[in-house]
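Notes for the structure review
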Amino acid sequence: GHQPKEAIGEMVRFVRSLADDETIAIDPSVAESEKAHGFRNAALASFMKSWGNLVHPVELTLGVYFHSCALAMSCAQLARAGLFLANGGRSPLTGLNVVSRARARRINALMLTCGHYDGSGDFAFRVGLPGKSGVGGGILAIVPGVAAIAVWSPGLDVHGNSLVGTQALELITQRMGWSIFGP
């Protein structure tokens, strides 16, 4: 029920609180680029709207989405923001419950199964952790009960996921034995 500016502001405040860092902001040039190239997103949003699965106007919904894709964060900020997902929904930085344990598990399951677009199955096989890639080459990976890891490298594969970031996470999980599927 929020206006787009309010929804974007709320999202930025939420991520800042998770990372305990007020410097996190939206990169307007990335948001504009997402909008300029978001034809599939517009088509999908229109399709969802036609079935009554999108309540708000398509243009406003996409604007909020494109801005959420444009959060500018360092690897340290991203890892801190994701810690609650490694800790059963509770932020170890603040001690606050961000989401329920069941909701954290659901988010991790969604990240494992679709956090890397059409490359999600390959990422799950190679890395063995829930993860979410970003348009700028960042990846957040969750080691349940242990850590949140963020990597960044801008070279993307055909699915839009970081090539070197995925390789780095694969090496880390192999060395540490952190794959949820076993060594």
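Above: the structure in question.
These notes cover the structure that comes with them.

Calculation criteria
- Residues numbered from 1 in each chain as written.
- Predicted model: local features only at pLDDT ≥ 70, side-chain atom pairs only at ≥ 80, totals over all residues.
- Heavy atoms only, no water.
- Buried < 20%, exposed > 50% of the residue type's maximum accessible area, 1.4 Å probe, protein only.
- Helix = DSSP H or I, 4+ residues; strand = E, 2+ residues; numbered from the N terminus.
- Pairing = 2+ DSSP bridges.
- Axes fitted to C-alpha atoms, helices over the stretch in contact; angles between N-to-C directions.
- Contact = heavy atoms within 4.5 Å.
- Salt bridge = Lys/Arg side-chain N within 4 Å of Asp/Glu carboxyl O.

Among the six residues in strand β5 (residues 147–152), five count as buried, and that is most of the element. Pairing geometry for strand β4 (residues 138–143) and β5, over six bridges, is antiparallel. By the bridge assignment for β5, Ala141 is matched with Ile149. What sits between β4 and β5 in their antiparallel hairpin is a turn of three residues, with Gly145 showing a positive phi close to 80°.

Looking now at the sheet that holds β5. Pairing within the open sheet is antiparallel, and its three strands lie in the order β3-β4-β5. In the strand order of this sheet, the two ends are held by β3 (131–133) and β5, each with one partner. The sheet shows a mean angle of 10° between the axes of neighbouring strands, taken without regard to direction. Sheet analysis places β3 next to β4, joined by three bridges and oriented antiparallel. Bridged to Ser133 within β4 is Ile139. Most of the contacts of helix α5 (residues 75–86) go to β5, to which it runs at about 150°, and overall it touches β4 and β5.

So, about the side chain of Ser179. Mapped onto the elements, Ser179 comes out in the segment after α8 (163–176). The contacts of Ser179, once residues within four sequence positions are left out, are Val127, Gly128 and Thr173.

Among the structural elements, Gln77 can be located in helix α5. Setting aside chain neighbours within four positions, we find Gln77 in contact with Ala19, Asp21, Thr23, Ile24 and Ala72.

As enumerated under the stated definition, the model contains four salt bridges in all. One salt bridge connects Glu22 with Arg16, and the closest N-O pair in it is separated by 3.9 Å. You can call Glu22 exposed: its relative accessible area is 60%. In this structure, Arg126 and Asp122 form a salt bridge, with 3.7 Å as the shortest nitrogen-oxygen distance. Here Arg126 pairs with Asp122, and both are found in helix α7 (residues 120–126), just four residues apart, close to one helical turn. Arg126 gets classed as partly exposed once you look at its relative accessible area, which sits at 25%. Among the charged side chains, a network of salt bridges with common partners joins Asp122, Arg126 and Glu170.

The quantities given are spatial measurements derived from coordinates; they are silent on function.
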